[in-house]
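Coordinate inspection notes
Listed below are the residues making up each chain.
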Amino acid sequence: MIILETRNLKYTYPDETVACKDLNIEIKKGKKVAFVGQNGSGKSTLFLLMNGTLKPDEGEVHFHGIPFKYDSKSLREIRKSIGIVFQNSDDQIFAPTVYQDIAFGPANLGYSKERVDFCVKHSLEQVGLSHLQDKPPHHLSGGQKKRVALAGIMAMEPEIIILDEPLSNLDPIGADEIMDLLNEFNQFGTTIIISTHDVDLAYRWSDYVYIMSNSKLIGQGTPTEVFKEQELLKKAGLRQPTTLEIYYEIERRGLAYGKNSPKTVPELVNTFKSLDLMWVDVPPKVKEGDSLNLGVMYGDYATHSPYEAINAKVLHIHLDGRAIVELKRKGIKAGGVLLYDTNNYSLKEIRQILKEGEMVFVGAMGKKNKILAEKNGIHLDVTSGVIDKSILMALCGKRCLILAAGGMVDHALRRIREYVEKSGIELTMGIVNRKESCKWLEEADDGPEILEL
Ligand SMILES: Nc1ncnc2c1ncn2[C@@H]1O[C@H](COP(=O)(O)OP(=O)(O)O)[C@@H](O)[C@H]1O
Ligand SMILES: [Mg+2]
C-alpha cells in the first residue's frame, strides 16, 4: 500500500535555485527507504516538501492518496503523521529540559496532561534516556541529542518518520544505536525514510533506494538492483558499497559462489568458495584413494569456522611423497544465537542461562539493554553490530546470547533466519523467554528447566 506519494514535484528557492524537479516518488507503508545523493542533490528540500514544511511550486504530495492542503489545521495533521528529524539536532531541540522538549509535540496536539506524560515517558524509555529527563538538552552529546529529537517525534506516534542524514556527526556506536532504534520502530510498522550519502548504510539497511543527483531522481530500486549499476553510481557521484566491491573482486577471480549480492560481513564470508584441493606430506603406507583424517585445520582451510575437523581423500601421490588430497568437510558444527527478550526479564534467569547454557559470547541491542547489563555486572562482548558479530561467532561454533527488547528481538531473529536460509548453514536460534522453539534448552535433558522460571 502506498502511504506517501509525490507527483511531478518542483521547488524553487527565492534566489531561483531549483532544488527539486520532476520528482515522482511512491513510498510503501512499513518500508525502510533511503534517498542517496551527494550534497546539494536536493534531499533536504525534498524532505521538507514531504512533510509540508515547504510548499511545491508545481506538483502535489499525497498522503494515503489525499493531496496535502497547506492551511494550518491540515499541516498540523500532516506533521503529526509524518515526523521529521532534522540533520542538525540543535535546529530541533529548544526546551529547557529533555522532558519538556519531548512533551512539546504531544502537548501541541492537544493531548491531555496524562496522555502527554505517558507518551513522553514511553518515548524516553524507548530511546534509553529516562535518566536524563531533567537535563538541559544542550548539555547532551550529539548521539543523545539525536535520540531526544527522535523521541520528540516518536511521542506523537507518527506513521512515517523522515530523518535527514540521521548519522552525520555521530560516532560509530551512536550511529549504531540510532539505526537499532529505527529498525525497532520499523518492526512495529512505522515507515522510515532517511537521506544519506553513506552508500554502505543505504545498501545494507534499506528496502528501497532512490538515487538523487542535481535536484532530480536518476535511479531507484531495491538496494541490490541500484548498487549494481556502476554507471548510475558514477553519474550520482557515489561509490559502490564496500561489501559489494569486495564481492565483485572475488567473483572476478573465480573465487565466489553463484550470483550473490552479500550485504553483511557474514554473507560476504559465505560467498567464498572453499579450497577443495591441497598438497600434503603423506606417510609411505598411504595409497591413492585412501581417506585421511587431517585433524583440525585452521585459517584458509576451515571455511565455516576458525577450527574445523577435516577429512581428505588422496587423489594423487607425487614421486617425492607429497600428495594432492581433496578436502571433505562434513557435519559442519556451527553454534547458535539465543535471544532474550528483556521486556520481560528476570536477572536470575539471565544469569542462569549464561551459566547453564554455556554462553561464551554476549551482546546487547539498544541503550536500555546495555544499561541493564552494565548495572547488573553482565559482561558484554559486543554492543554494536551485534547481530552480525553473533552470527560470525556462531559460525565458529560458539553459543551467543543477545539481550534485546520487543521488536528488536523479532528483527534480530528475522536477520539470523535470513542468513540461515541464504547460506544453508544451520545455526541454532531461538527466543529463550518466549514460548517459541529453543532447541538447545529443550534438548538439554539433564539441564535445568530454564524455560519454566
Ligand atoms: N535556503 C536555500 N536557499 C537557496 N538555495 C538553497 C537553500 N537550501 C538549499 N538550497 C540549494 O538547493 C539545492 C538542494 O539542496 P539540499 O536540498 O540542501 O540538498 P541535499 O540535502 O541533498 O544536500 C542545492 O543547490 C542548494 O544549494
Ligand atoms: Mg541535506
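Now for a look at the structure at hand.

So, how was this worked out
- Along each chain, residues carry numbers from 1 onward, in the same order as the chain's sequence is written.
- Written order decides the labels, with chains lettered from A and ligands numbered from 1.
- In keeping with the model being predicted, local features are shown solely for residues with a pLDDT of at least 70 and side-chain atom pairs are shown and tallied solely at 80 or more, while totals for entire chains, interfaces and linings include all residues.
- Heavy atoms throughout the structure, all of them, feed into the side-chain values; hydrogens and water do not.
- Strands here mean DSSP runs of E at least two residues long; helices mean DSSP runs of H or I at least four residues long; both are numbered from the N terminus.
- Any pair of residues with heavy atoms lying within 4.5 Å of one another is described as a contacting pair.
- Relative accessible area decides the class of each residue, using a 1.4 Å probe on protein chains only: under 20% of the type maximum gives buried, over 50% gives exposed, and in between gives partly exposed.
- By the convention used here, strands pair only if DSSP detects at least 2 bridges between them.
- All axes here are fitted lines through C-alpha atoms, helices being fitted over the stretch that makes contact, and every angle between N-to-C directions spans 0 to 180 degrees.
- Working note: the arc is built from the helix axis to C-beta atom directions.
- Two N or O atoms count as a polar contact when they lie within 3.5 Å, although within protein this holds only if one can serve as hydrogen donor and the other as acceptor, and sequence-adjacent residues are included solely when both atoms are side-chain atoms.
- To be near a molecule or strand, a residue needs just one of its heavy atoms within 4 Å of it.
- All accessibility values rest on the Shrake-Rupley procedure with a 1.4 Å probe; residue burial counts only the protein chains present in the view.
- Grouping buried Ala, Val, Leu, Ile, Met, Phe, Trp, Tyr and Cys residues that are joined through side-chain atoms within 4.5 Å yields what is termed a nonpolar core.

Relative to the elements of secondary structure, Thr191 occurs in strand E8 (residues 191-196). Sequence-distant contacts of Thr191, that is, excluding residues within four places in its chain, are made with Ile3, Ile27, Lys28, Lys29, Gly30, Lys31, Glu159, Ile160 and Ile161.

What follows deals with unusual backbone geometry. In terms of backbone geometry, most residues other than glycine have negative phi values and most peptide bonds are trans. Positioned with a positive phi, Asn8 is a non-glycine residue whose angle comes to about 45 degrees. One can find Asn8 in strand E1 (residues 2-12). Unlike most non-glycine residues, Glu16 shows phi in positive territory, near 75 degrees. Take Glu16: it is sitting in the loop between E1 and strand E2 (18-28). You can call Glu16 exposed: its relative accessible area is 66%.

Let us look at the sheet that holds strand E3 (residues 32-37). Sheet strands line up and pair through hydrogen bonds in the backbone, either parallel or antiparallel. Taking strand neighbours across the sheet as the criterion, the six strands line up as E6-E7-E8-E3-E9-E10 in an open arrangement whose pairing is mixed. Each having just a single partner strand, strand E6 (82-85) and strand E10 (216-221) make up the two edges of the open sheet. The mean inter-strand angle of the sheet, taken between neighbouring strand axes irrespective of direction, is 20 degrees. Sheet topology note: the E3/E8 ladder contains five bridges and is parallel. By the bridge assignment for E8, Phe35 is matched with Ser195. Here helix H5 (residues 142-154) sits on the sheet and contacts E6 and strand E7 (160-164); the angle it forms with E6, its principal contact strand, is near 170 degrees.

Of the positions making up helix H10 (residues 242-252), those classed as buried are Thr243, Leu244, Tyr247, Tyr248 and Ile250. Across the axial projection of H10, the buried residues extend over an arc of 165 degrees, all falling on one side. Against the buried residues of H10 lie helix H7 (199-205), helix H8 (223-228) and helix H11 (265-271).

Positionally, His62 belongs in strand E4 (residues 58-63). Residue His62 is classed as buried on the basis of its relative accessible area, which comes to 5%. One polar contact links His62 to Glu60, side chain to side chain, over a distance of 2.8 Å. Apart from residues no more than four positions distant in its own chain, His62 is found in contact with Ile3, Leu4, Glu5, Arg7, Pro67 and Phe68.

Attention shifts here to the environment of Leu163. Here Leu163 shows up in strand E7. Along the chain, Leu163 and Thr196 lie 33 residues apart, while their C-alpha atoms are 9.2 Å from each other. Those residues in contact with Leu163, other than ones at most four positions away along the chain, are Phe47, Val85, Leu150, Leu182, Ile192, Ile193, Ile194 and Ser195.

Right, let's talk about the site of ligand 1 for a bit. Around ligand 1 lies a shell formed by Tyr13, Asp15, Thr17, Ala19, Gln38, Asn39, Gly40, Ser41, Gly42, Lys43, Ser44 and Thr45. Between Gly40 and ligand 1, the recorded distance is 2.6 Å, taken from a backbone N or O atom to an oxygen atom. One nitrogen or oxygen atom from the side chain of Thr45 is found 2.5 Å from an oxygen atom belonging to ligand 1. A total of 560 Å² of accessible area belongs to ligand 1 in isolation, and the protein chains cover 63% of it. If you tally residues by element for the shell around ligand 1, the top one is helix H1 (residues 43-50), at three residues.

Bringing the sheet that holds E1 into the picture now. Ordered by their spatial adjacency, four strands build an open sheet running E2-E1-E4-E5, and the pairing between neighbours is antiparallel. Among the strands making up the open sheet, the edge pair consists of E2 and strand E5 (66-67). Relative to E5, E4 runs antiparallel, the two sharing two bridges. Directly across from Phe63, in E5, lies its bridge partner Ile66.

Turning our attention to the nonpolar core. One recurring pattern in soluble globular proteins: nonpolar side chains tend to sit buried together. In this structure, Val36, Ile161, Leu182 and Phe227 are the most contacted members of the largest nonpolar core, which totals 56 residues. Setting aside residues up to four positions removed in sequence, Phe227 forms contacts with Val36, Val199, Ala202, Tyr203, Val209, Leu233, Gln240, Pro241 and Leu244. Within the second largest apolar cluster, 28 residues are counted, among which are Ile27, Phe47, Phe68 and Ile160.

For helix H12 (residues 347-356), the full list of buried residues reads Glu349, Ile350 and Ile353. The arc that holds every buried residue of H12, seen down its axis, measures 100 degrees, which confines them to one face. Exposed positions of H12 whose direction lies more than 90 degrees from the buried face are Lys348 and Lys355. Among the structural elements, strand E15 (336-341) and strand E17 (399-404) are those in contact with the buried residues of H12. Looking at the residues trailing H12, positive phi occurs at Glu358, about 50 degrees.

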